[in-house]
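# Observations on chain architecture
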Amino acid sequence: MMSTTEKQNQTNITEFILLGFGDLPDLQVPLFLLFLVIYMMTIMGNILILMLVVANQHLHTPMYFFLSNLSFLEMCSSSTILPKLLASFLTGDRSISYSSCMTQFFIFAFLVGVECYLLAVMSYDRYLAVCKPLHYVTLMNRKLCIALAAGAWVSGFMISFVITLLMSQMVYCDHRAIDHFFCDFTPVIKCSCSDTFLIEAVTSLMSASCTVLPFLFTVASYILIIISILRIPSVTGRQKAFSTSSSHLIVVTIFYTTLILVYMLPKTYNLTDFNKLFSVFYTVVTPMVNPLIYTLRNKEVRGTLRKEVQAFMGLYK
């Protein structure tokens, strides 16, 4: 039975305090400028990718369809966390309402789940392109592309919805300080005075379905891709085959490395700062870096961008 005090505390909890980087008072303005630049580059870079894919017919392929989904996701992900963080640097107000915190977590978890599934789908696309090139167009048709993308978005939504619903049913005590710069699962439930065993068990199980399984699928896909590439007799052929997958492989490596470091590190006080640092990498830096990787390492995107720039410059000659 829930005690009267617990019920009262639950009723009175209307906001949390995101401690974030408040322990660095002298760096608030520099951090604001740094994160503002990152946010602007993230939005502009991903909008550029979307515009190039939409405007150019030869980029209307499965790979770029999934890439445009990823770019849209990255913009949403950054916009879920950074505006609140930027405002806290300027105003010093680190409070966030209970409903806003739950909403932020829901959107964040939703997008992380979608990204895990989407990266797995993209690895499957690369597997078919490299290992089954003669059947690629038939297998990866428009209907399957839409179904895979929709499956990623729906799966991420359902998993996040269930976890957020369980979090909203918990009792939160007077300890409202969240030692993080956004509402993530572990820092939030530390504020609860309810028994967290069930929600942690359910969350671990559901998180595994949207992180571990897609990760293993992605690893298996790339093992098969590498084996297939090594069987190509010519060096030029191997380089060409690998170049089509290298951008995605780099993105996957960065994403999962930082994700593993954040959620596999022991949740001790001494490692809190490291947790925040690695969280910055996969929530803030990765969405900015992804468009750069796909632009700089992909010949088709570079070529399309060069043509667009030349056409734009030609208008002013």
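As recorded in an unreviewed UniProt entry, the chain goes by Olfactory receptor and comes from Limosa lapponica baueri. Annotation of the chain in UniProt includes, under Subcellular location (unreviewed entry), the sentence "Cell membrane". Taken directly from UniProt, the Sequence similarities (unreviewed entry) text for the chain runs: "Belongs to the G-protein coupled receptor 1 family."

## Structural notes on the UniProt feature "transmembrane region" (unreviewed entry) in the chain
As annotated by UniProt and renumbered to match this structure, "transmembrane region" (unreviewed entry) occupies residues 31-55, 62-82, 102-124, 144-167, 205-230, 242-265 and 277-296. End C-alpha atoms of residues 144-167 are separated by 35 Å, and the span's content is 100% helix alongside 0% strand. The straight-line gap between the two end C-alpha atoms of residues 205-230 is 36 Å; of that span, 96% is helix and 0% is strand.

## Describing the packing of helix H4 (residues 98-131) against helix H6 (residues 142-168)
Helix-helix packing is described using two parameters, namely the angle between the two axes and the distance between the axes. Between H4 and H6, the shortest axis-to-axis distance is 8 Å and the interhelical angle comes to 150°. As the angle between them shows, H4 and H6 are arranged roughly antiparallel. For the pair H4 and H6, the crossing hand works out as right-handed. Taken together, the residues of the contact of H4 with H6 break down into 20 nonpolar, six polar and no charged.

## A few points about the sheet that holds strand S2 (residues 95-97)
For sheets, the rule is that strands pair by backbone hydrogen bonds, running either parallel or antiparallel. Spatial ordering of the open sheet is given by S2-S1-S3, a layout of three strands whose pairing is mixed. Each end of this open sheet is capped by a strand with a single partner; those strands are S2 and strand S3 (177-178). In the sheet, strand S1 (residues 15-18) pairs with S3 via two bridges, with the strands oriented parallel. Counterpart to Leu-18 in the pairing with S3 is Ile-178. Against the sheet, H4 touches S1, S2 and S3, its axis set at about 85° to S2.

## Comments concerning the packing of helix H9 (residues 212-230) against helix H10 (residues 235-264)
Running from N to C, H9 and H10 point in directions that differ by 160°, and their axes come no closer than 11 Å. By the angle between their axes, H9 is roughly antiparallel relative to H10. The interaxial crossing formed by H9 with H10 has left-handed handedness. Of H10, the residues touching H9 (which contributes Pro-214, Phe-215, Thr-218, Tyr-222, Ile-225, Ile-229 and Leu-230) are Arg-238, Ala-241, Phe-242, Ser-245, His-248, Leu-249, Val-252 and Tyr-256. A per-class count over the contact of H9 with H10 returns eleven nonpolar, three polar and one charged.

## Regarding the pattern of salt bridges
Summed over the entire model, instances satisfying the criterion amount to three salt bridges. One salt bridge in this structure joins Arg-176 and Glu-15, with 3.8 Å as the shortest N-O distance. Taken together, the positions of Arg-176 in the loop between H6 and S3 and Glu-15 in strand S1 put the pair 161 residues apart, joining distant regions of the chain. Under the relative-accessibility criterion, Arg-176 is labelled partly exposed at 31%. Using a relative accessible area of 28% as the deciding quantity, one classes Glu-15 as partly exposed. Put simply, Asp-179 and Lys-276 hold a salt bridge, and the shortest N to O gap is 3.0 Å.

## Digging into the nonpolar core
Among the nonpolar cores identified, the biggest contains 84 residues, and Phe-35, Met-167 and Tyr-172 are the most heavily contacted of them. The element that contributes the greatest number of residues to this core is H4, accounting for 18 residues. When residues no more than four places from it in sequence are discounted, the contact partners of Met-167 are Tyr-98, Met-102, Phe-105, Tyr-172, Phe-185, Val-188 and Ile-199.

## Notes on the state of the cysteines
For the coordinates displayed, the defined rule picks out one disulfide. Covalent S-S linkage joins Cys-101 and Cys-183, the inter-sulfur distance amounting to 2.1 Å. Its torsion about the S-S bond being -125°, the disulfide of Cys-101 and Cys-183 is classed as left-handed. Residue Cys-101 is found in helix H4, and its partner Cys-183 is found in the loop between S3 and helix H7 (185-189); the two are separated by 82 residues along the sequence. Across the pair, Cys-183 and Cys-101 agree in class, each one buried.

## Overview of the packing of aromatic side chains
Under the definition given, this model contains 22 aromatic pairs. Geometrically, the ring pair formed by Phe-106 and Phe-110 is stacked, given 6.1 Å between the ring centres and 15° between the ring planes. Of this pair, Phe-106 and Phe-110 both sit in helix H4, four residues apart, roughly one helical turn. The same class applies to Phe-106 as to Phe-110, namely buried. Taken together, the ring pairs connect Phe-21, Phe-35, Phe-89, Phe-108, Phe-181, Phe-182 and Tyr-282 into an aromatic cluster.

Criteria and cut-off values
- Residues numbered from 1 in each chain as written.
- Predicted model: local features only at pLDDT ≥ 70, side-chain atom pairs only at ≥ 80, totals over all residues.
- Heavy atoms only, no water.
- UniProt positions renumbered as here; feature names shortened; annotations may be inferred.
- Helix = DSSP H or I, 4+ residues; strand = E, 2+ residues; numbered from the N terminus.
- Axes fitted to C-alpha atoms, helices over the stretch in contact; angles between N-to-C directions.
- Parallel < 35°, antiparallel > 145°, perpendicular 65-115°, else oblique.
- Left-handed = near helix turned anticlockwise from the far one by under 90°.
- Nonpolar A, V, L, I, M, F, W, Y, C, P; charged D, E, K, R; others polar.
- Pairing = 2+ DSSP bridges.
- Contact = heavy atoms within 4.5 Å.
- Salt bridge = Lys/Arg side-chain N within 4 Å of Asp/Glu carboxyl O.
- Buried < 20%, exposed > 50% of the residue type's maximum accessible area, 1.4 Å probe, protein only.
- Core = buried A, V, L, I, M, F, W, Y, C linked by side-chain atoms within 4.5 Å.
- Disulfide = S-S within 2.5 Å.
- Phe/Tyr/Trp six-rings, centres within 6.5 Å; stacked < 30°, edge-to-face > 60°.

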